[in-house]
Amino acid sequence: MLVIRRETSLGFGVGAKYLFKFKGSGDETRTSNMPVSMLYTLNNQFFIYSGFEIFTNQEEWVISVI
């Protein structure tokens, strides 16, 4: 990632997303995901963004933190 903002100057970082399904999940169950992003700016600021969305078998439970 590359970010340019007046407040933070130049920033750069990386991001990744872990995708998975529980054993026994069928096609009707959406894929769970856990993304994370890290960003560092030239103003010596360090940011970590994360959240997740988890779908259990047949989407009986949906757990989401964004």
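As a reminder, the structure under discussion sits directly above these lines.
Rules used in this analysis
- Residues numbered from 1 in each chain as written.
- Predicted model: local features only at pLDDT ≥ 70, side-chain atom pairs only at ≥ 80, totals over all residues.
- Heavy atoms only, no water.
- Patch = residues over 30% accessible without salt bridge, like charges linked within 9 Å, V, L, I, M, F, W, Y side chains within 5 Å.
- Areas by Shrake-Rupley, 256 points an atom, 1.4 Å probe, with all protein chains shown as cover.
- Salt bridge = Lys/Arg side-chain N within 4 Å of Asp/Glu carboxyl O.
- Helix = DSSP H or I, 4+ residues; strand = E, 2+ residues; numbered from the N terminus.
- Buried < 20%, exposed > 50% of the residue type's maximum accessible area, 1.4 Å probe, protein only.
- Contact = heavy atoms within 4.5 Å.

Enquirer: Just checking my understanding: could you explain a nonpolar patch on the surface for this structure?
Expert: A cluster of nonpolar residues, L2, F12, V14, V36, M38, Y40, L42, F46 and I48, forms a patch on the protein surface that exposes about 860 Å² of accessible area. For the nonpolar patch, the secondary structure elements donating two or more residues are strand 2 (9-20), strand 3 (32-41) and strand 4 (46-50). Broken down by element, the nonpolar patch gets its largest block of residues, three residues, from strand 3. Mapping I48 onto the fold places it in strand 4. Given a relative accessible area of 55%, I48 falls into the exposed group.

Enquirer: Could you clarify how one ought to interpret the side chain of T29 in this entry?
Expert: Along the chain, T29 falls in the loop between strand 2 and strand 3. Classification of T29 by relative accessible area gives buried; the value is 2%. Aside from chain neighbours lying at most four places away, what touches T29 is K21, F55, T56, N57, Q58 and E59.

Just distances and angles here, no functional claims.
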